Amino acid sequence: MYDTRDVKQHERPSVNIGPKTVTVFHYTLRNAAGEELETSRGSDPSAFLYGANNIIPGLEKALKDRTAGDVFTADIAADDAYGQVDPKRQQRVPSKHLVYKGKLKPGMVVQLNTSEGRVPVTVVKAGRHSADIDTNHPLAGQALSFDIEIIEVREASAEEVAHGHAHGPGGHHH
């Protein structure tokens, strides 16, 4: 858990979120109906390198120019989140390429093994040896709302900029 309670506000340099900065933040993600979909609260906060496409575009825009201590809600339209649903992104794949537990059923979100790693997909139809899947992001077509608490904003290290992501708590570990 990231704890900044021991650091006095005047001891922290004030850095605004922008190019070549790392932001550490807690969030709660809700859909348009207000249902909680995901939260970082109760675990490590998230960290991202601004401008490296590490988070959805609308959230990055909402964070720009903010600083540590800011608490706010960002409402993100589907186009600035995971985009609209593309019906052409459905396909049939052999079940052996899917990672899941239990019995494969329509509506399940499972992982598809690809040459670029695993990606989440939604099962549309499950057969004996294959499955029809939707490769749109499970949140495509949805407006999203993020409750944000910015914990820290700092200048990114040269290594983070070169690697294209934040290092340390909430970021990538090498």
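Now for a description of the structure that goes with this document.

Basis of the calculations
- Residues numbered from 1 in each chain as written.
- Predicted model: local features only at pLDDT ≥ 70, side-chain atom pairs only at ≥ 80, totals over all residues.
- Heavy atoms only, no water.
- Helix = DSSP H or I, 4+ residues; strand = E, 2+ residues; numbered from the N terminus.
- Buried < 20%, exposed > 50% of the residue type's maximum accessible area, 1.4 Å probe, protein only.
- Contact = heavy atoms within 4.5 Å.
- Areas by Shrake-Rupley, 256 points an atom, 1.4 Å probe, with all protein chains shown as cover.
- Pairing = 2+ DSSP bridges.
- Phe/Tyr/Trp six-rings, centres within 6.5 Å; stacked < 30°, edge-to-face > 60°.
- Lys NZ or Arg CZ within 6 Å of the ring centre and 35° of its normal.
- Salt bridge = Lys/Arg side-chain N within 4 Å of Asp/Glu carboxyl O.

With respect to the overall build of the protein chain
Okay, step 1: Looking only at helices and strands, the protein chain has 2 helices and 10 strands in total.
Okay, step 2: Traced from its N-terminal end to its C-terminal end, the protein chain shows the element sequence β-β-β-α-β-β-β-β-β-β-β-α.
Okay, step 3: Burial analysis of the protein chain (174 residues in total) assigns 36% to the buried set.
Okay, step 4: Long-range contacts, defined here as pairs at least 24 residues apart, represent 61% of the contacts in the protein chain between residues at least 6 apart.
Okay, step 5: When the accessible surface of the protein chain is summed, it comes to about 10,500 Å², and 48% of that surface belongs to carbon and sulfur atoms.

So, the pairing of strand β7 (residues 109-114)
Okay, step 1: Pairing of strand β6 (residues 98-99) with β7 involves 2 bridges; the strand directions are antiparallel. Looking across to β7, one finds that Leu98 is bridged to Leu112.
Okay, step 2: Examined bridge by bridge, β7 and strand β8 (residues 117-126) share 6 bridges and lie antiparallel to one another. Bridging across to β8, Gln111 finds its partner in Pro120.

Regarding the pairing of strand β9 (residues 130-134)
Okay, step 1: Of all 5 residues in β9, 4 are buried; the element is thus mostly enclosed.
Okay, step 2: One ladder, built from 5 bridges, connects strand β5 (residues 90-94) with β9; its direction is antiparallel. Across the sheet, residue Arg92 finds its bridge partner in β9, namely Asp132.
Okay, step 3: With 4 bridges joining them, β8 and β9 adopt antiparallel strand pairing. Of the residues in β9, the one forming a bridge with Thr122 is Asp134.
Okay, step 4: Where β8 folds back on β9, the antiparallel hairpin that results is connected by 3 residues.

Looking at the packing of aromatic side chains
Okay, step 1: One pass over the structure, following the stated rule, counts 4 aromatic pairs.
Okay, step 2: Taking the centre distance of 6.1 Å and the plane angle of 50 degrees together, the rings of Phe25 and Tyr27 count as tilted. Like Tyr27, Phe25 is buried.
Okay, step 3: Their ring planes at 85 degrees and their centres at 6.0 Å tell us that Phe25 and Phe48 sit as a pair that is edge-to-face. Placement of the pair is Phe25 in strand β1 (residues 21-31) and Phe48 in strand β3 (residues 46-49), with a sequence separation of 23 residues. Comparing Phe25 with Phe48 shows no difference in burial state: the two are buried.
Okay, step 4: An aromatic cluster is present here, built from Phe25, Tyr27, Phe48, Tyr50 and Phe146 joined pairwise through their rings.
Okay, step 5: When the ring centre of Phe72 is taken as reference, the NZ or CZ atom of Arg66 above it lies at 3.6 Å.

Overview of the sheet that holds β8
Strand pairing in a sheet is mediated by backbone hydrogen bonds. Such pairs are either parallel or antiparallel.
Okay, step 1: The 5 strands are arranged β5-β9-β8-β7-β6 in an open sheet whose pairing can be described as antiparallel. Edge strands, defined here as strands with exactly one partner in the open sheet, are β5 and β6.

A short note on the pattern of salt bridges
Okay, step 1: For the structure shown, the criterion picks out 7 salt bridges.
Okay, step 2: Residue Asp65 pairs with Lys64 through a salt bridge whose shortest N-O separation is 3.5 Å.
Okay, step 3: As a salt-bridge pair, Arg154 and Glu152 come within 4.0 Å of each other at their nearest N and O atoms.
Okay, step 4: Its relative accessible area of 25% is what places Arg154 among the partly exposed residues.
Okay, step 5: Ionic contacts of the salt-bridge type, sharing partners, join the residues Arg30, Glu36 and Asp147 into one network.

So, the side chain of Glu60
Okay, step 1: Examined against the element boundaries, Glu60 turns out to sit in helix α1 (residues 57-63).
Okay, step 2: Ignoring sequence-local partners within four residues, the contact set of Glu60 consists of Phe48, Leu49, Tyr50, Gly51, Ala52 and Ile55.

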